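Given next are the chains, with one letter for each unit.
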Amino acid sequence: MDKHSLYEYMPFDKAHAQLLEETNTRGTKDLCMKGIFIQGDVRNQNQRVYPAREISRAVNEMNKKIQATNGIFGEGDHPEELSINIDRISHVITEVWMENADGYGKLRVLETPIGNIVKTLLQSGVKLGVSSRGSGNVGDNGTVSDFE
């Protein structure tokens, strides 16, 4: 079975997203957002089910990358490919963890051209969602395996 690119979107409210302002090492404020990044053990809007064990394994791998690199970059849109394009970086994921079957995370919006657009939208009250990208196999019943 060939691995497929998997894209999942979660609206702001469903993600239980919270906006936070945190003081950084320079003494200025960063805009952060935290909430559910991906739900486990439920059929999502794409008719896929991510078992909690698959999400937990991916969270553990992400934590290794975060520790090694000080964060994982993300983009302000939902491109088709899995690679991150430096000209579209808007945020950095600084923490990920499990709560029950769900994968939670925290991101910091960066001072990049796209990051500034995201920050302006969020500060203006726009409720942006979270989109996750990964790869895995999808069985006939929609259950995802080998999720990365």
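Cut-offs applied
Residues numbered from 1 in each chain as written. Predicted model: local features only at pLDDT ≥ 70, side-chain atom pairs only at ≥ 80, totals over all residues. Heavy atoms only, no water. Helix = DSSP H or I, 4+ residues; strand = E, 2+ residues; numbered from the N terminus. Rg over C-alpha atoms; globule rule 2.2 N^0.38 Å. Buried < 20%, exposed > 50% of the residue type's maximum accessible area, 1.4 Å probe, protein only. Contact = heavy atoms within 4.5 Å. Areas by Shrake-Rupley, 256 points an atom, 1.4 Å probe, with all protein chains shown as cover. Lys, Arg positive; Asp, Glu negative; His and termini not counted. Charge placed at Lys NZ, Arg CZ, Asp CG, Glu CD. Patch = residues over 30% accessible without salt bridge, like charges linked within 9 Å, V, L, I, M, F, W, Y side chains within 5 Å. Salt bridge = Lys/Arg side-chain N within 4 Å of Asp/Glu carboxyl O. Core = buried A, V, L, I, M, F, W, Y, C linked by side-chain atoms within 4.5 Å. Pairing = 2+ DSSP bridges. Axes fitted to C-alpha atoms, helices over the stretch in contact; angles between N-to-C directions.

Q: Got a sec to walk through the overall build of the chain? Specific residues and values, please.
A: The helix and strand tally for the chain stands at two helices and eight strands. Reading the helices (α) and strands (β) of the chain from amino to carboxyl end gives β-β-β-α-β-β-β-α-β-β. The C-alpha atoms of the chain give 15 Å as radius of gyration, which agrees with the globular expectation for 148 residues (15 Å, within 12%). Its C-alpha atoms put the chain at 50 × 30 × 30 Å along the principal axes. Counting only residues that meet the buried cut, the chain has 42% of its 148 residues in that class. Long-range pairs, those at least 24 residues apart, make up 56% of the contacts in the chain between residues at least 6 apart in sequence. Surface summary for the chain: the accessible area is close to 8,600 Å², and the carbon and sulfur share equals 49%. Across the chain, the centroid of the 17 positively charged side chains sits 4 Å from that of the 21 negatively charged ones.

Q: Give me a nonpolar patch on the surface: which residues, what numbers.
A: A cluster of nonpolar side chains, contributed by Ile 117, Leu 121 and Val 126, occupies part of the molecular surface with about 220 Å² of accessible area. In this fold, Ile 117 is placed in helix 2 (residues 113–123). A residue is classified by how much of its surface remains accessible, and Ile 117, at 48% relative accessible area, is partly exposed.

Q: Describe the environment of Leu 19, listing the residues and the values that go with them.
A: Checked against the element boundaries, Leu 19 lands in strand 2 (residues 18–23). A sequence separation of 113 residues divides Leu 19 from Ser 132, and the C-alpha atoms of the two residues are 18 Å apart. Contacts of Leu 19, omitting those with residues within four sequence positions, involve Phe 12, Leu 31, Cys 32, Met 33 and Leu 122.

Q: Can you explain the nonpolar core? Please cite residues and give values.
A: Core analysis: the biggest nonpolar cluster contains 22 residues, and Met 33, Tyr 50, Ile 93, Leu 107, Val 109, Leu 122 and Phe 147 have the highest contact counts within it. For this core, the elements supplying multiple residues, two or more each, are strand 3 (29–38), helix 1 (52–69), strand 5 (89–99), strand 6 (102–109) and helix 2. Contacts of Ile 93, omitting those with residues within four sequence positions, involve Phe 37, Met 62, Ile 66, Gly 71, Ile 72, Lys 106 and Leu 107.

Q: Tell me what's going on with the sheet that holds strand 3, and back it up with residues and numbers.
A: The five strands are arranged 2-3-6-5-4 in an open sheet whose pairing can be described as antiparallel. The open sheet terminates on both sides in strands that have one partner only, identified here as strand 2 and strand 4 (72–75). Taken pair by pair, the neighbouring strands of this sheet meet at an average axis angle of 35°, ignoring direction. By the bridge criterion, six bridges tie strand 2 to strand 3 in an arrangement that is antiparallel. Bridge pairing links Gln 18 to Lys 34 in strand 3.

Q: Quick one: what's the story with the pairing of strand 6, residue by residue and with numbers?
A: For strand 6, the buried fraction is high: seven of the eight residues fall into the buried class. Two strands pair when backbone bridges link them, and strand 3 and strand 6 are joined in this way by six bridges, in the antiparallel orientation. Bridged to Met 33 within strand 6 is Leu 107. Relative to strand 6, strand 5 runs antiparallel, the two being bridged by eight bridges. What sits directly across from Val 92, in strand 6, is Arg 108. Connecting strand 5 to the next strand, strand 6, in antiparallel fashion are two residues, including Asn 100 with a positive phi near 55°.

Q: Give a description of the side chain of Asn 24 that names residues and reports values.
A: By secondary structure assignment, the location of Asn 24 is in the loop between strand 2 and strand 3. What makes Asn 24 buried here is its relative accessible area of 13%.

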